[in-house]
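Secondary and tertiary structure notes
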Amino acid sequence: MAEACCPASCGEILQGWILGSEKLVSCPINWYSYVSVEEGRPLEQERPRMRQILERVLEHLNIAAETTNMLRIEYESTIPVGKGLASSTADIAATAQATARLYGYELSPKALAELCVGVEPTDSTLFSSLTLFDHQTAQTQIALDWSPELKLLLLESPNVVLTEDFHKRDRRTSLLARESQLKQAWQLLITACELHDPQRLSEAATLSAIASQELLPKPGFHLLSKLVEQGKIYGLNVAHSGSVVGLIYDDVQHDKEFIYDWFLCHQLDRFYPQVHEVCMVAGGVR
């Protein structure tokens, strides 16, 4: 048996038209999908794309395609599905690496990315540091030398957004209209990573979140933005193809109880009934 796990993502720090095409920078957090692959009869209940990526890895390793019928995939994940938390990327990336490990191989992040985008648009959580990534082609992989450990209050909406359907929409005109905002956000993020500056990172994320509002609006966004304007949190980020929002804060500089009280006072729980305390972590498949 071989095992692997991959983190979830609290939406994206950036997503939009950057350097000539749509790209993203994921926000990996301390939730994981755990996958094991072993010899045995396939289970009746499994996520189809996990089997798809297993078969792509077998082909990549020049292992007979019919071997798929002799491999069992088991998984455990508490990552909500359809919320913009990179649950599917966590599943397929962990499955791919576990499959390779079963045969004594270790896929590089580059190879892993190329295999995963062949199945679906993929988040950059499979890279160890923050990475600007072309999530549809894997042709751009620009690593930023920082894996911050910032705190977030993850606001979970009951709304489900199917990423595949979202990416089928013609968004090019809207993305291009916000290119200058994303260019500014990208430059801020580069500086933030060079200086290990959480404030600049959060400003970049907030700019990207604002640009995303017309494409996929988040309820109560203007109220959440006031927390940023008043300096009560560093900033916020969103799932650009999902429904969650992250409030980026610091335990020392910011009053978490004030944030909770403010959230309830403005009845934002009607939009986001579940609030989770999470932490950014290094990405990469373990």
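Here's what I pulled together on the structure shown here. Not measured: the values here are computed from a predicted model.

Looking only at helices and strands, the protein has nine helices and nine strands in total. Taken against the 2.2 N^0.38 rule, which gives 19 Å for 286 residues, the C-alpha radius of gyration of the protein at 19 Å falls within 12% of a compact globule. For the protein, the spread of C-alpha atoms along the principal axes amounts to about 60 × 35 × 35 Å. Burial statistics for the protein: of 286 residues in total, 58% are counted as buried. When the accessible surface of the protein is summed, it comes to about 12600 Å², and 48% of that surface belongs to carbon and sulfur atoms. Once the 24 positive and 37 negative side-chain charges of the protein are each reduced to a mean point, those two points are 5 Å apart.

Moving on, we come to the packing of aromatic side chains. Under the defined criterion, the tally for this structure stands at three aromatic pairs. Ring centres of Phe-271 and Tyr-272 lie 6.4 Å apart, and the angle between their planes is 70 degrees; on these two criteria the pair is classed as edge-to-face. Looking at Lys-232, its charged tip hangs above the ring of Phe-258, at a distance of 4.7 Å from the centre.

Right, let's get into helix H9 (residues 256-265). An α-helical segment advances 3.6 residues per turn. Residues three or four places apart therefore align on the same side. Within H9, the full set of buried residues consists of Ile-259, Trp-262 and Phe-263. Each buried residue of H9 lies within a common arc of 100 degrees when the element is viewed along its axis, so the set occupies one face. Structurally, H9 contributes buried residues whose contacts are with strand E6 (151-156), helix H8 (221-229), strand E8 (245-249) and strand E9 (274-279). The N-terminus of H9 is capped by Asp-255, whose side-chain oxygen sits 3.1 Å from the backbone nitrogen of Glu-257.

Residues Ile-13, Leu-14 and Leu-189 are the most contacted members of the largest nonpolar core, which totals 69 residues. Non-local contacts of Leu-189, meaning those with residues more than four positions away in its chain, are made with Ile-13, Leu-14, Val-25, Leu-144, Leu-201 and Ala-204. Counting 19 residues, the second-largest nonpolar core is a separate cluster that includes Leu-153, Leu-227, Tyr-249 and Tyr-272.

What follows covers the state of the cysteines. Here the structure, examined in full by the defined rule, presents zero disulfides. Cysteine Cys-10 is unpaired, with the sulfur of Cys-27 as its nearest cysteine sulfur at 5.3 Å.

Inspection of the secondary structure puts Pro-198 in helix H7 (residues 198-212). Of the residues examined, Pro-198 reaches a relative accessible area of 18% and is grouped as buried. Taking the C-alpha atoms as reference, Pro-198 lies 9.3 Å from Gly-235; in sequence the two are 37 residues apart. With residues up to four places along the chain from it excluded, the contact list for Pro-198 reads Trp-146, Leu-150 and Tyr-234.

Quick look at the side chain of Gln-97 now. Within the secondary structure, Gln-97 is located in helix H2 (residues 87-102). Since its relative accessible area comes to 3%, Gln-97 is described here as buried. Contact partners of Gln-97, with chain neighbours within four places excluded, come to Ala-4, Tyr-105, Glu-106, Leu-107, Leu-112 and Val-285.

Moving on, we come to the packing of helix H6 (residues 179-195) against H7. When two helices pack together, their arrangement is captured by the angle between the axes and the distance separating the axes. In contact at an axis separation of 7 Å, H6 and H7 are set at 160 degrees when each is read in the N-to-C sense. Relative to H7, the element H6 is oriented roughly antiparallel. Between H6 and H7 lies a crossing whose hand is left-handed. The segment H6 lies against H7, with Gln-181, Leu-182, Gln-184, Ala-185, Leu-188, Leu-189, Thr-191, Ala-192 and Leu-195 engaging Arg-200, Leu-201, Glu-203, Ala-204, Leu-207, Ser-208, Ile-210 and Ala-211. Counted by class, the contact of H6 with H7 contains eleven nonpolar, four polar and two charged residues.

Turning to its location among the elements, Ser-243 is positioned in the loop between strand E7 (235-238) and E8. According to the relative accessible area criterion, Ser-243 is buried, its value standing at 6%. Among the polar contacts listed, one links the side chain of Ser-243 to the backbone oxygen of Asn-159, at a separation of 2.7 Å.

This paragraph deals with the packing of H8 against H9. H9 packs onto H8 with a crossing angle of 155 degrees between their chain directions and a minimal axis gap of 11 Å. When the axes of H8 and H9 are compared, the pair comes out roughly antiparallel. Crossing handedness for the pair H8 and H9: right-handed. Here Leu-223, Leu-224, Lys-226 and Leu-227 of H8 lie close against H9, whose contacting residues are Phe-258, Ile-259 and Trp-262. For the contact of H8 with H9, the residue count by class is six nonpolar, no polar and one charged.

This part is about helix H3 (residues 109-117). The set of residues buried in H3 consists of Ala-111, Leu-112, Ala-113, Leu-115, Cys-116 and Val-117. If you follow the buried residues of H3, they end up packed against helix H1 (48-60), H2, strand E4 (131-133) and strand E5 (141-143).

Conventions adopted
- Residues numbered from 1 in each chain as written.
- Predicted model: local features only at pLDDT ≥ 70, side-chain atom pairs only at ≥ 80, totals over all residues.
- Heavy atoms only, no water.
- Helix = DSSP H or I, 4+ residues; strand = E, 2+ residues; numbered from the N terminus.
- Rg over C-alpha atoms; globule rule 2.2 N^0.38 Å.
- Buried < 20%, exposed > 50% of the residue type's maximum accessible area, 1.4 Å probe, protein only.
- Areas by Shrake-Rupley, 256 points an atom, 1.4 Å probe, with all protein chains shown as cover.
- Lys, Arg positive; Asp, Glu negative; His and termini not counted.
- Charge placed at Lys NZ, Arg CZ, Asp CG, Glu CD.
- Phe/Tyr/Trp six-rings, centres within 6.5 Å; stacked < 30°, edge-to-face > 60°.
- Lys NZ or Arg CZ within 6 Å of the ring centre and 35° of its normal.
- Arc of directions from axis to C-beta.
- Contact = heavy atoms within 4.5 Å.
- Polar contact = N/O pair within 3.5 Å; in protein donor to acceptor, adjacent residues only side chain to side chain.
- Core = buried A, V, L, I, M, F, W, Y, C linked by side-chain atoms within 4.5 Å.
- Disulfide = S-S within 2.5 Å.
- Axes fitted to C-alpha atoms, helices over the stretch in contact; angles between N-to-C directions.
- Parallel < 35°, antiparallel > 145°, perpendicular 65-115°, else oblique.
- Left-handed = near helix turned anticlockwise from the far one by under 90°.
- Nonpolar A, V, L, I, M, F, W, Y, C, P; charged D, E, K, R; others polar.

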